[in-house]
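Now for the letters of each chain:
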Amino acid sequence: RIMRRQGRGGAIVNVASVQANGGLTSCMAYAASKGGLLTLTRNNAAALGRDGIRVNALNMGWCSTANEHALQLSLGQGEDWLKQADRASTLGRICRPEDVASAILFLLSGAHTTGSVLELHPEHIPGMLGAGIGKAK
């Protein structure tokens, strides 16, 4: 409402999750909420576009944070879980908080897009069955 009232346009970035595409059965409610957030992103993009307000989403994957470290340890993973996760990732490492910040800044910077979902999960490429499997020689 504030952006509309001020009449200067703006940008909104919603932070979703790769789990919006299905998710783990142990995180069903979380996955459903993130799927809903993607729908909300697209609906708001359509509703607010004429006001110059861009609405996009960042669809995050695995990110190395203090909370993720604690979670991995609680699940019985060793202290080296991050090295293992990085090795399995297509780009050689899973996301870090600075990757998330850079992606959000890109979407806020004036990119001429609305209703878009930026995929930020190098450990999971939609449509691919497995990272590193069947590499071209």
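Remember, it's a predicted structure, so these values are computed and weren't measured experimentally.

**Description of the overall build of the protein**
Line of reasoning, step 1. Across its full length, the protein carries five helices and three strands.
Line of reasoning, step 2. When the helices and strands of the protein are listed from N to C terminus, the series reads α-β-α-β-α-α-α-β.
Line of reasoning, step 3. Taking the principal axes of the C-alpha coordinates as reference, the protein spans close to 50 × 40 × 25 Å.
Line of reasoning, step 4. Put simply, of all contacts in the protein between residues at least 6 apart along the chain, 67% involve residues at least 24 apart.
Line of reasoning, step 5. Summed over its atoms, the accessible surface of the protein is roughly 8,800 Å², and 57% of this surface lies on carbon and sulfur atoms.

**Quick look at the nonpolar core**
Line of reasoning, step 1. Counting nine residues, the largest nonpolar core consists of V13, L58, M60, C63, C95, V100, A103, L107 and L120.
Line of reasoning, step 2. Secondary-structure elements contributing two or more residues to this core are β2 (53-60) and α5 (97-108).
Line of reasoning, step 3. The dominant element in this core, judged by the number of residues it contributes, is α5, at three residues.
Line of reasoning, step 4. With residues near it in sequence (within four places) discarded, C95 still touches W62, C63, S64, L120 and P122.
Line of reasoning, step 5. Residues A16, L37, L38 and A57 belong to the second largest nonpolar core, which totals five residues.

**Quick notes on helix α4 (residues 81-88)**
Line of reasoning, step 1. If you check which residues of α4 are buried, you get W81, A85 and D86. One side of α4 holds all its buried residues, which, seen down the axis, span an arc of 130°. Away from its buried face, by an angle of more than 90 degrees, α4 presents the exposed residues K83 and R87.
Line of reasoning, step 2. Buried residues in α4 make contact with α3 (66-74).

**Topic: the environment of M60**
Line of reasoning, step 1. With respect to the element layout, M60 can be found in strand β2.
Line of reasoning, step 2. Exposure remark for M60: the relative accessible area of 16% places this residue in the buried category.
Line of reasoning, step 3. Residues in contact with M60, not counting those within four places in the same chain, are V15, A16, S17, V18, V100, L120 and H121.

**A short note on the pairing of strand β1 (residues 10-17)**
Line of reasoning, step 1. With eight bridges connecting them, β1 and β2 associate as parallel partners. Across the sheet, residue A16 finds its bridge partner in β2, namely N59.
Line of reasoning, step 2. For the crossover from β1 across helix α2 (residues 28-48) to β2, the handedness is right-handed.

**Regarding the pattern of salt bridges**
Line of reasoning, step 1. In the structure shown here, the tally under the stated rule is three salt bridges.
Line of reasoning, step 2. One salt bridge connects R4 with D51, and the closest N-O pair in it is separated by 2.7 Å. Separated by 47 residues along the polypeptide, R4 in helix α1 (residues 2-6) and D51 in the loop between α2 and β2 bring together distant segments of the chain.
Line of reasoning, step 3. When its relative accessible area of 46% is taken as the criterion, R4 is described as partly exposed.

What counts, and where the lines are drawn
- Think of each chain on its own: its residues are numbered from 1, step by step along the sequence as written.
- Restriction of local features to residues with pLDDT of at least 70 applies here, the model being predicted, together with a cutoff of 80 or more for giving and counting side-chain atom pairs; totals for whole chains, interfaces and linings are based on all residues.
- Hydrogens are left out, water is left out, and the side-chain values use all remaining heavy atoms of the structure.
- Here a helix means four or more residues in a row that DSSP labels H or I, a strand means two or more in a row labelled E, and each is numbered from the N terminus.
- Contact between two residues is taken to exist if any of their heavy atoms lie within 4.5 Å; hydrogens are not considered.
- In short, Shrake-Rupley with a 1.4 Å probe defines the accessible areas, and a residue's cover is counted only from the protein chains shown.
- Buried Ala, Val, Leu, Ile, Met, Phe, Trp, Tyr and Cys residues form a nonpolar core when they are joined through side-chain atoms within 4.5 Å.
- Only protein chains enter the area calculation, which uses a 1.4 Å probe; residues under 20% of their type maximum are buried, those over 50% are exposed, and those in between are partly exposed.
- This arc is taken over the directions from the axis of the helix to the C-beta atoms.
- Any two strands are treated as partners once DSSP identifies two or more bridges connecting them.
- Assignment of crossover handedness uses the view with strands pointing away from the viewer, where a clockwise path from the first strand over the helix to the second indicates a right-handed crossover.
- By definition here, a salt bridge exists when the distance from a side-chain nitrogen of Lys or Arg to a carboxyl oxygen of Asp or Glu is within 4 Å.

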